[in-house]
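Spelled out from the first residue to the last, the chains are:
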Amino acid sequence: MLRLRPARADELPAVTELCLRSKAVWGYDAAFIAACRTELTVTLDDLRGSCCVVAEQAGEAVGFAQVSVAGDTAVLDKLFIEPACLRSGIGRRLWVWAVETAGRLGARRLLIDADPDAADFYRRMGARPAGTAPSGSIPGRRLPRLALDL
Ligand SMILES: CC(C)(COP(=O)(O)OP(=O)(O)OC[C@H]1O[C@@H](n2cnc3c(N)ncnc32)[C@H](O)[C@@H]1OP(=O)(O)O)[C@@H](O)C(=O)NCCC(=O)NCCS
């Protein structure tokens, strides 16, 4: 059974490694993943300043999502599924949590700066293309931006 629960301070290193393993499913090399480490590190400040949730199955963390809200705009900072658990509905569960969380906190739109290989997932979830945005990890790289009106 899958359950969603708040992320805990004592599991931040493990959750960070989950995010990095998940990012690597698209075939990036080690140097690329290393360049993403700072951006994908989940910190105590993230726990205090945003909404962070872990998807847990049989006592194991199998997914992580993070949403920040400022004014009427929410940002999906992270959505990462354990590689062995892809395509089993966990991403959708975390997406629904992110949408509900953003709406509950007063946001009118949710923005996602997506990995190019994840963009079709967000379109499947109902988000619309909304231009591009600079990567926070790789200078000069641009990412597809998607938006969902809430
Ligand atoms: C993108 C990601 C979060 C999707 O999670 P998931 O658990 O595999 O997705 P789900 O099983 O919940 O899929 C929900 C639906 O989206 C579809 N889908 C999932 N991934 C997809 C993809 N990459 N492209 C197109 N459709 C996709 C599924 O087929 C399913 O369709 P359905 O409506 O017919 O059931 C996951 O692939 C992931 O963690 N990728 C690596 C890290 C990453 O890039 N994260 C996003 C950072 S912006």
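Novice: Would you mind going over the site of the ligand with me for this structure?
Specialist: The environment of the ligand is formed by 22 residues, the closest being W26, L79, R87, G91 and R92. Between a nitrogen atom of the ligand and a main-chain N or O atom of D117, the distance comes to 3.2 Å. Surface burial for the ligand is 82%, taken as the share of its 910 Å² of free accessible area covered by protein chains. Mapping the ligand onto the cavity grids shows that it belongs to the largest pocket. Where the shell around the ligand is concerned, the elements lending two or more residues are β4 (73-81), α4 (90-104) and α5 (119-124). With four residues, α5 is the single largest residue contributor to the shell around the ligand. For the shell around the ligand, the class distribution of residues is 12 nonpolar, four polar and six charged.

Novice: Looking at this structure, I do not really get the pairing of β4. What am I missing?
Specialist: A regular strand carries its side chains on alternate faces of the sheet. Among the nine residues of β4, seven are classified as buried, and the element is accordingly described as predominantly covered. With eight bridges connecting them, strand β3 (residues 60-70) and β4 associate as antiparallel partners. Residue pairing for β4: V67 is matched across the bridge by L76. Here β3 hands over to β4 after two residues, with G71 in that stretch at a positive phi of 60°. As paired strands, β4 and strand β5 (residues 109-113) are joined by three bridges and run parallel to one another. Counterpart to T73 in the pairing with β5 is R109. In this fold, β4 hands off to α4, which returns the chain to β5; that crossover is right-handed.

The rules behind these values
Residues numbered from 1 in each chain as written. Predicted model: local features only at pLDDT ≥ 70, side-chain atom pairs only at ≥ 80, totals over all residues. Heavy atoms only, no water. Near = heavy atom within 4 Å. Polar contact = N/O pair within 3.5 Å; in protein donor to acceptor, adjacent residues only side chain to side chain. Areas by Shrake-Rupley, 256 points an atom, 1.4 Å probe, with all protein chains shown as cover. 1 Å grid on protein atoms, 1.4 Å probe; cavity = no way out; pocket = protein on both sides within 12 Å on 5 of 7 lines; lining within 4 Å. Sits in = over half its atoms within 2 Å of the grid points. Helix = DSSP H or I, 4+ residues; strand = E, 2+ residues; numbered from the N terminus. Nonpolar A, V, L, I, M, F, W, Y, C, P; charged D, E, K, R; others polar. Buried < 20%, exposed > 50% of the residue type's maximum accessible area, 1.4 Å probe, protein only. Pairing = 2+ DSSP bridges. Right-handed = clockwise from strand over helix to strand, strands pointing away.

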